[in-house]
Amino acid sequence: MTDLLPLMSYCLLMSGTPGPNNVMLTTSGANFGYRATLPQILGILLGGFVLTLACCLGLGQLFLAWPVAQQVLRIGGALYLLFLAWRLSGATMAQARALPRPLGFTHGALFQFINPKNWLKAVTLASVFMPSGLPPLQAALLVALLSSLMGFPAISMWALFGVAIRRLLEKPAVHRGFNLCMAAALAALALNFLR
């Protein structure tokens, strides 16, 4: 079990630090509440599970063989984040509340495949934290499962933070400022991925 502590710590740290998922979950929690954001959280976890499992089973080697593939992924992910930032920067409180629902399960899951931070996490898990002494499939399943289990409370915290600040956002000007800050955070992440 002590062999798994570094793995679990890494997963908690990577899931709990600011990144595209957490910015989007904070925004969704603030605009729609936790219950409405839960499908996106579960989608993020499933997408991360599948990506981590695939990397642990050898997909991460693709980046070693073809570094251009990683660059294409990084650019695609950054452009998508810039698109989200642009949409969020124009959203007013009335527009956000007029939306029928937040990003859902499918969006959360599929986004993981263009999320550069999630790729970094999955490739690192595959290359550094695979437990020895287990058959490859068992080891990959263990790593992917622990990643998801550690990720759930960490990313839920961000959605709950959004819920906690909802009352502060009742004034349109404050809500607009919040959306602009979240859009700026997404844009900064996108630009960082392009470096």
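As a reminder, the structure under discussion sits directly above these lines.
Figured I'd write up the structure that's included with this text. The model shown is predicted, which means the values in this text are computed figures rather than measured ones. (Residues numbered from 1 in each chain as written. Predicted model: local features only at pLDDT ≥ 70, side-chain atom pairs only at ≥ 80, totals over all residues. Heavy atoms only, no water.)

Looking now at the nonpolar core. Membership of the largest hydrophobic core comes to 19 residues, with the highest contact counts inside it found for Leu81, Phe178 and Leu186. Mapped onto this core, the elements with two or more residues apiece are helix H2 (20-32), helix H5 (67-89) and helix H10 (172-193). The dominant element in this core, judged by the number of residues it contributes, is H10, at eight residues. With residues up to four places along the chain from it excluded, the contact list for Phe178 reads Thr26, Thr27, Ala30, Ile165 and Leu169. With 15 residues, the next largest nonpolar core counts Cys56, Phe129, Val143 and Leu146 among its residues. (Core = buried A, V, L, I, M, F, W, Y, C linked by side-chain atoms within 4.5 Å. Buried < 20%, exposed > 50% of the residue type's maximum accessible area, 1.4 Å probe, protein only. Helix = DSSP H or I, 4+ residues; strand = E, 2+ residues; numbered from the N terminus. Contact = heavy atoms within 4.5 Å.)

With that out of the way, let us pick up the state of the cysteines. Tallying each qualifying case throughout the model produces zero disulfides. You can see Cys56 has no disulfide; the closest cysteine sulfur is in Cys55, sitting 7.1 Å from it. Assessed through its relative accessible area of 11%, Cys56 is described here as buried. (Disulfide = S-S within 2.5 Å.)

With that settled, the discussion passes to the packing of aromatic side chains. Scanning the entire structure with this criterion turns up two aromatic pairs. Ring centres 6.1 Å apart and planes at 35 degrees place the aromatic pair Phe83 and Trp86 in the tilted group. Here the residue Phe83 and the residue Trp86 both occupy positions in helix H5, the gap between them amounting to three residues, near one helical turn. Phe83 gets classed as partly exposed once you look at its relative accessible area, which sits at 38%. (Phe/Tyr/Trp six-rings, centres within 6.5 Å; stacked < 30°, edge-to-face > 60°.)

So, on to H2. When the terminal C-alpha atoms of H2 are compared, their 18 Å separation across 13 residues agrees well with the 18 Å that a helix rising 1.5 Å per residue should span. Burial runs high along H2: twelve of the 13 residues are buried. Buried residues of H2: Pro20, Asn21, Asn22, Val23, Met24, Leu25, Thr26, Thr27, Ser28, Gly29, Ala30 and Asn31, and no others. At the C-terminal side of H2, Gly33 shows a positive phi close to 95 degrees. (Expected span 1.5 Å × (residues − 1).)

Let us now look at a nonpolar patch on the surface. Residues Leu42, Leu46, Val50, Phe105, Leu110, Phe113 and Phe152 make up a contiguous nonpolar surface patch of about 570 Å² in total accessible area. Per element, the largest residue contribution to the nonpolar patch is three residues, and it comes from helix H3 (residues 34-59). Structurally, Phe113 is set in the loop between helix H7 (105-111) and helix H8 (116-128). (Patch = residues over 30% accessible without salt bridge, like charges linked within 9 Å, V, L, I, M, F, W, Y side chains within 5 Å. Areas by Shrake-Rupley, 256 points an atom, 1.4 Å probe, with all protein chains shown as cover. Salt bridge = Lys/Arg side-chain N within 4 Å of Asp/Glu carboxyl O.)

What follows concerns the environment of Arg195. Mapped onto the elements of the fold, Arg195 is located in the segment after H10. Since its relative accessible area comes to 75%, Arg195 is described here as exposed.

What follows covers the environment of Ile165. You can see Ile165 is positioned in the loop between helix H9 (136-164) and H10. With 31 residues separating them along the chain, Ile165 and Leu134 place their C-alpha atoms 45 Å apart. Setting aside residues no more than four positions away along its own chain, Ile165 makes contact with Ala30 and Phe178.

Attention now moves to the side chain of Gln112. With respect to the element layout, Gln112 can be found in the loop between H7 and H8. Within the structure, the side chain of Gln112 is placed 3.4 Å from the side chain of Asn118, a separation counted as a polar contact. Leaving out residues up to four positions away in the same chain, Gln112 has contacts with Asn21, Ile44, Gly47, Gly48, Leu51, Asn118 and Trp119. (Polar contact = N/O pair within 3.5 Å; in protein donor to acceptor, adjacent residues only side chain to side chain.)

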